[in-house]
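Now for the letters of each chain:
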Amino acid sequence: MAVPVEEAIAALSTFSLDDEQPEVQGPGVWVSTERGATDSPIEYSDVSAYRLSLSEDTKALNQLNILTQEGKEMASVLYTYRSCVKALPQLPDSMKQSQADLYLETYQVLDLEMSRLREIQRWQASASSKLAADMQRFSRPERRINGPTISHLWSMLKLLDVLVQLDHLKNAKASIPNDFSWYKRTFTQVSGQWQDTDSMREELDDLQIFLSTRWAILLNLHVEMFRVNNVEDILQVLIVFVVESLELDFALLFPERHILLRVLPVLVVLVTSSEKDSESLYKRVKINRLINIFKNDVVIPAFPDLHLSPAAILKELSTYFPKFSSQTRLLTLPAPHELPPREAQEYPSNCFCRHYLIINHIGAIRAEHDDFTIRFASAMNQLLLLKSTDGSDVDWSKEVKGNMYDMIVEGFQLLSRWTARIWEQCAWKFSRPCKDASPSFSDYEKVVRYNYTAEERRGLVELVSYIKSVGSMMQRCDTLVAEALWETIHAEVQDFVQNTLASMLRTTFRKKKDLSRILSDMRTLSADWMANTNKSESELQSSHHGGEESRANIFYPRAVAPTAAQVHCLQFLIYEVVSGGNLRRPGGLFGNSGSEIPVNDLKQLETFFYKLGFFLHILDYSVTVATLTDLGFLWFREFYLESSRVIQFPIECSLPWMLVDCVLESPNSGLLESVLIPLDIYNDSAQQALVLLKQRFLYDEIEAEVDHCFDIFVSKLCETIFTYYKSWAASELLDPSFLFASDNAEKYSVQPIRLNMLLKMTRVKLLGRMINLRSLITERMNKVFRENIEFLFDRFECQDLCAIVEVEKLLDILKHSHELLSRDLSVDSFSLMLNEMQENISLVSFSSRLASQIWSEMQSDFLPNFILCNTTQRFIRSSKAVPVQKPSIPSAKPSFYCGTQDLNSAHQSFARLHSGFFGMPHMFSIVRLLGSRSLPWLIRALLDHISNKITLLEPMITGLQESLPKSIGLLPFDGGVTGCVRLVKEHLNWETKSALKAEVLHGIKEIGSVLYWMGLLDIVLREIDTKNFMQTAPWLGLLPGADGQILTTQDSGDSPVVSLFKSTAAAMVSYPGCPSPTSFHIMSKQAEAADLLYKANLNTGSVLEYALAFTSAALDKYCSKWSAAPKTGFIDITISKDFYRIYSGLQIGYLEESAEVSSNSHERLGDSVAWGGCTIIYLLGQQLHFELFDFSYQILNIAEVEAASVIQTHKNSHFAMQGWEVLLEAMKKARRLNNHVFSMLKARCPLEEKTACAIKQSGAPLHRIKFENTVSAFETLPQKGS
Amino acid sequence: MARAGGITNAVNVGIAVQADWENREFISHISLNVRRLFDFLVQFEATTKSKLASLNEKLDVLERRLELLEVQVANASANPSLFAT
């Protein structure tokens, strides 16, 4: 029938519903259909419509089903029962008088719980009697009512299972009798005042007996059953049915299989304990078949943390059922914990362990999974193709749909097998706690936490993720495949009833009237003769009778499946045909002994019979998928909670969390995509807690655990992500030549992890909530990057200035990892975070945390304690320096450095190369880290330092000046070196002022250090400027001229960049198809702006020149004191107050010292003293004076003359020069150094009338202006505070 | 009666069954399409949620940037003297 609805729905598919999120979670959305076809939604009330006289059977069936339902609820009450006694308060001694009130209250609380137990007791009594009555009614050999049907058999088995489970649970829960005895005590206390307590007391005694007797329910059932002595037949039929179903194992999904396994031992016990011949069972079922089943499944899951073992049940029941105790073969089966440990653990020799442990199958499972998903997807594609082609090709359509059907059947069977494996492995693990556990472990830890090896956990995760992914794949295509499934099932049924049955009727059953009547009934109740509505009237007519006439009746598929009642009736009728309605008939269900039906037909009937059983699962598509992928049981541990006497276990013991944790810790990065799957277990268990067990408190506990787990999960995941990106960046930034030369470069390479899938998860389904994992990760990443920057600064603050190279490297790595991460995640920009952590977000803050740290470090450690080596251009820490107290280096995770330990050590060995000195690389790092924003601030601070130092030096120098004689003449040659040195010492009577001397030297050294530092900075800035220039010059149209000046190519026109963009814009605008001409105009305007900006940046001045100018301005104040202008206008050679005299004295002083004690003071002062002293001398205009009158220079001259005379005379040469070689050598060295400094100064700060730089009042430098070399020229320089 | 079966009024049952097949075709058609509608809604919700999430992310970034700029501007305008040349 054409329904316009279909078109409307089809129109919906035109919406594009692209979703970026990958499918890495299990199926999440269930349409709650309450009950599906497997348990008929209308309680088989439509069965009567088929007039098969099954009304009695249906009534009984429904009754059993209701009982089963009730029983399940009772079981969940018992399973989730928690002891109340522990929560009961104790009265303190002071309140003993209200003891009676407490008893009453306690009684009322407990009464509520006990009423539930009483209800269970009553229910089991009635259920047992009803089950027994039902069995008796349907097992009379002379049968008056139709039945039992197959569904009826199933219902009996299910109810029996519920009873067994209840019994098992009652035995296992120790808290129930415990609570009960407390209840009884309070009852005796409370009931003293009550009247008529006898009946209540009686009832209590009854309940007590029920609760304290093991297997009370089974014993009761046994009594009820054998009240009338004819249930053996039906019990035997049930056993045959169970054994055959288990052996065939086709139509069973794992919940049914487990039911059968649980029920079988009990059935065997019941049958063999009857009054009649107990051996008759083995005539129908060989005992070996039973033993095989029991042996293959030594443990059967019953409840999440409770298992059953057939061997143990048989053994235990033998004491209660004396008749059964003669069955020695069944009683000698070993229980799982009795299996010898060696046999059970060394898997090659033993089949049990192999069988139960998932890791032994994971390879095969993986192959199955891969193969299945591929074939499933291709079947889906075929189906979609079929739908889009509007296919009229019937055969092809039938094939595609049939194929889809096969895939679904296979999928269900796979899921069932896999989930059963997990159940069984759990049961196995519960039955065999880990042996070598320390006694401090709780029982639950022994069976779960320490019972799974890492490999087993990984295997479990893998299997769980296979189940969930296949489940969600099948769940997703539910509505797509529904029609194909219905059509295929319809076709199967119709093919059977219209063709197979027809041929059977014509041939084998022609003579047997009663059998052929059943067959034609089957046709009547399910045949759809008019499946094809398009068929013409005549065809319809012929097809109506076609069954008899043509052999292969062609019918057209209809997308409707048979109802549950139809399946029920068909199964019943087939069973009737086969068994002849006789329960006592020997042999199996489809056993051929003594049957009148030929083997061929029997085979066909059997196949169809089991197919019918599976149809129901397929019709219940989404319910089946949900049941098969439900792994919630992995969380529940009510039994162990009770036996361990704790309220809840820590999450480390929780299996779902163990799996999440195992994925995160696992070195196998491929598993990471499954990390969300174990969280689905929580979803399942929460669903079970609410829907199945109906216990709010369990849900609350799960929710609390999930909240906790998810927080830990996110933080651990973020750590993994951060470490991964960090080490990726660090390994990319490793020096390639180092990697090439390294023997084991592999350990520095990073295994790729596919994280981008997790980074896309915006909707993680957790307990009905949607969590945006991506935003959580982003949030944390923003935080951790900031923390990392903070840590690097903290660390730098605990180290000296030399660590700047390492800091830069680490920041580079961080920046690169940020860059890599930004491809997948939108984190805050790195420069923003850096600014934030540097505390210079504000537009008006020019210092930064790093800059101020560098400055304070220079002030407190670098300038006083580092010495310059002029040759290597490096500052090194003086060995004489006082160590500076610094906070200890904060420790951090390896991820805060370079990621992994290996990479850390690799990068550290590079950093160590730079940790012992300060030189060019450090300066480069400083320039790059501070940038143009904070560098000026630092320069200014250093210049102020110079001027402060000069101010500080001034009084000290005055002090030294005072002790000098009024005039000092030239040193006389006749004294020789020795005489001169003595004379100099006489002049410099500074003995009392050695401290002052040292301080002045230090001051000069610091000034020199700053100036040299500026020199280094100047070199670095020049290099960077040059690089920029090289890059921009071609665009700006600049050419270097012959004399080093820069020429512009186009004197009047635009620069190349501007003209290029202008011409492009013009060309584009003139082109008629140009979409937006304005944007090109904007572009050419921007080119002009860029041109201006870059041109303005070209002529940057020299930092060193600026620093020298600044120093000279600072010296200006003291010019009068330190250099007395000769009044005569001639050079006064005897003047002693000039600065150069002081410096001369200081220099010879420390040269002497260094000559005496081997290079002592030099190690304290280094070469920067020369830089400081010479610069001051030069800037004061005393360079020539110094070179002429310096003491050491004079002594050197004398020594030269002396040496010349010695060569002439060859006499007492050694005597005269002896003892002075070292000093002379030092003096020569000093002279060389001084000359170097002077020549540098001449080049950089010429005092002649030449182009030089000046500084405006505002502080802006003016480069290359001409000014006269007068002292007053420096007055234009700004001073601090002006 | 040893054997079960025996539909009492086979012809009537046959006719009723035939009618039932046709009625159920209509019912399953409708119910399937209702489920498809439901599926569509679920998927629509999922898509919308992820689109909203990406929008939210962008807004987040913008908001933080805006906050920063606001602070910078406020800071700068609090010290107008610094910008006077």
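Above: the structure in question.
Counting starts from 1 at the beginning of each chain's written sequence and moves along it residue by residue. By the order in which they are written, chains take letters starting at A while ligands take numbers starting at 1. Note on the predicted model: pLDDT of at least 70 is required for a residue's local features to be given, and 80 or more for side-chain atom pairs to be given and counted; whole-chain, interface and lining totals, by contrast, use all residues.

Draft legend 1. Looking closely at the overall build of chain A. The helix count covers DSSP runs of H or I at least four residues long, the strand count covers runs of E at least two residues long, and both are numbered beginning at the N terminus. A count of helices and strands for chain A gives 51 helices and 11 strands. Comment: burial labels come from other C-beta atoms within 10 Å of the residue's own C-beta, placed from the backbone, where a count of 20 or more is buried, 12 or fewer is exposed, and between is partly exposed. Counting over 1282 residues, chain A shows a buried share of 41%. In this description, any two residues whose backbone-derived C-beta atoms lie within 7 Å of each other are considered to be in contact. Across chain A, contacts joining residues at least 24 apart in sequence account for 78% of those joining residues at least 6 apart.

Draft legend 2. Representation of the overall build of chain B in the model. Looking only at helices and strands, one finds 1 helix and 0 strands in chain B. Evaluated residue by residue, chain B yields a buried proportion of 8% over its 85 residues.

Draft legend 3. Up close: the environment of A:Val162. Relative to the helices and strands, A:Val162 resides in helix α4 (residues 150–172). Each C-alpha atom, one on A:Val162 and one on A:Met74, is 9.2 Å from the other, the two residues being 88 residues apart in sequence.

Draft legend 4. View of the pairing of strand β1 (residues 300–303) of chain A. Residues and elements named next belong to chain A. As defined by bridge partners, β1 adjoins strand β2 (residues 306–308) across 3 bridges and the pair is classed as antiparallel. Looking across to β2, one finds that Pro301 is bridged to His307. From the end of β1 to the start of β2, which pair antiparallel, there are 2 residues. Strand pairing is defined by DSSP finding a minimum of two bridges between the two strands.

Draft legend 5. Region of interest: the sheet that holds strand β5 (residues 866–869) of chain A. Residues and elements named next belong to chain A. Taken in spatial order, the 3 strands line up as β5-β6-β7 in an open sheet, and their pairing is antiparallel. This sheet does not close on itself; its edge strands, each paired only once, are β5 and β7 (917–918). Pairing of β5 with strand β6 (residues 874–877) involves 4 bridges; the strand directions are antiparallel. Looking at the pairing, Phe866 lines up with Arg877 of β6.

Draft legend 6. Spotlight on the interface of chain A and chain B. Each partner contributes residues to the interface: chain A has 50 residues there, and chain B has 47 residues. Only α1 (4–12), α20 (478–506), α21 (513–526), α24 (564–579) and α33 (773–797) of chain A provide two or more residues apiece to the side of chain A that touches chain B. Looking at the side of chain A that touches chain B, the element that brings in the most residues is α21(A), giving 6 residues. Each residue is assigned to one of three groups, with Ala, Val, Leu, Ile, Met, Phe, Trp, Tyr, Cys and Pro labelled nonpolar, Asp, Glu, Lys and Arg labelled charged, and all others, Gly among them, labelled polar. Tallied by class, the residues present in the side of chain A that touches chain B amount to 25 nonpolar, 10 polar and 15 charged.

Draft legend 7. Structural view of the packing of helix α17 (residues 394–431) of chain A against α20(A). Residues and elements named next belong to chain A. What counts as an axis is a line fitted to C-alpha atoms, over the stretch in contact for a helix, and the angles between N-to-C directions run from 0 to 180 degrees. Interaxial distance between α17 and α20 falls to 9 Å at its minimum, and their mutual angle equals 100°. In this view, α17 runs roughly perpendicular relative to α20, as classed from their interaxial angle. Contacts between α17 and α20 involve Lys398, Lys401, Gly402, Met404, Tyr405 and Ile408 from the former and Val481, Ala484, Leu485, Glu487, Thr488 and Ala491 from the latter. Broken down by class, the residue content of the contact of α17 with α20 amounts to 7 nonpolar, 2 polar and 3 charged. We call two directions roughly parallel when the angle between them is under 35 degrees, roughly antiparallel when it is over 145, roughly perpendicular when it lies between 65 and 115, and oblique otherwise.

Draft legend 8. Highlighting the nonpolar core. A:Leu157, A:Leu238, A:Val242, A:Val263 and A:Leu267 are the most contacted members of the largest nonpolar core, which has 324 residues in total. Those residues in contact with A:Leu157 that sit more than four places away from it in its chain are A:Leu238, A:Val242, A:Ile259, A:Leu260 and A:Val263. The term nonpolar core refers to a group of buried residues, namely Ala, Val, Leu, Ile, Met, Phe, Trp, Tyr and Cys, whose C-beta atoms join them within 7 Å.

Draft legend 9. A look at helix α7 (residues 216–225) of chain A. Residues and elements named next belong to chain A. For α7, the tally of buried residues reaches 7 of 10 residues, placing the bulk of the element in the interior. Along α7, the residues that are buried comprise Ile217, Leu218, Asn220, Leu221, His222, Glu224 and Met225. In this structure, the buried side of α7 is in contact with α3 (99–138), α4 and α9 (254–272).

Draft legend 10. Representation of unusual backbone geometry in the model. All names here are of chain A. Backbone geometry at Trp215 places phi at a positive 55°, although glycine is not the residue there. Examined against the element boundaries, Trp215 turns out to sit in the loop between α6 (198–212) and α7. Trp215 gets classed as buried once you count the C-beta atoms within 10 Å, which come to 22. One non-glycine residue, Gln873, lies in the positive phi region at around 60°. Residue placement: Gln873 occurs in the loop between β5 and β6.

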